[in-house]
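Chain by chain, the residues:
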Amino acid sequence: MNLSIAAIAAVLLTGCATNDQESSNSVVNTDSITHKTLKATRSFKKGDRVPNDEVCMVNNTYMGKKQLKVIVNGLAYYGCCKACEERIPTDESVRKAVDPHTTKLVDKAKAYIVLLNEGGDVAYFENEQNYVQFLKQNELKI
């Protein structure tokens, strides 16, 4: 019994597999992605809009390369690994986010996605206007 619990915990704590389908057996802990790695794989800086297809919408992380595309109800969502690819159609909560400006729920497939930091964290806005207004109202320098 303890061995089963340990095995399940190991799977949950391991992270997502890479999105390279040829090396889908390799596993990457997303916490181990360094700032240096992200800088080397992207030309975006904090505050920039990032391509939806380069964001793992399960982990809410800009990955710096194309992710696995998952179509749900005619909309494209993206995940970094097989586990994300399987979760997106079954877990509506990973397909939605709160717009920081309006606090309305937005669909990640339609969102204006902005890079928050060099760690790859992203925020989802309903549109660019909401993002601009959010910056103005909060006097943020991103």
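Below, the structure is looked at part by part.

What counts as what
One numbering rule holds for all chains: residues counted from 1, following each sequence as written. Given that this is a predicted model, residues contribute local features only at a pLDDT of at least 70 and side-chain atom pairs are listed and counted only at 80 or more, while totals for whole chains, interfaces and linings are drawn from all residues. Excluding hydrogens and water, the side-chain figures rest on all heavy atoms present in the structure. Strands here are runs of E lasting at least two residues and helices are runs of H or I lasting at least four, both read from the DSSP assignment and numbered beginning at the N terminus. For every residue, the accessible area (1.4 Å probe, protein chains only) is compared with the maximum for its type, and the residue is labelled buried under 20%, exposed over 50%, or partly exposed between those bounds. Note on contacts: a residue pair qualifies if any of its non-hydrogen atoms lie within 4.5 Å across the two residues. What the arc covers is the set of directions going from the helix axis to the C-beta atoms.

Describing the environment of Asp99
Right, so step 1: Relative to the helices and strands, Asp99 resides in the loop between strand S5 (96-98) and strand S6 (105-107).
Right, so step 2: For Asp99, a relative accessible area of 0% puts it in the buried group.
Right, so step 3: Along the chain, Asp99 and Ala111 lie 12 residues apart, while their C-alpha atoms are 8.8 Å from each other.
Right, so step 4: Sequence-distant contacts of Asp99, that is, excluding residues within four places in its chain, are made with Lys104, Val106, Tyr124, Phe125, Glu126 and Asn130.

Details of helix H4 (residues 128-138)
Right, so step 1: Listing the buried residues of H4 in full gives Asn130, Tyr131, Phe134 and Leu135. One side of H4 carries all its buried residues, which in axial view fall inside an arc of 135°. Relative to its buried face, H4 has exposed residues pointing more than 90 degrees away, namely Gln129, Lys136 and Gln137.
Right, so step 2: Tucked inside the fold, the buried residues of H4 contact strand S7 (112-115) and strand S8 (122-125).

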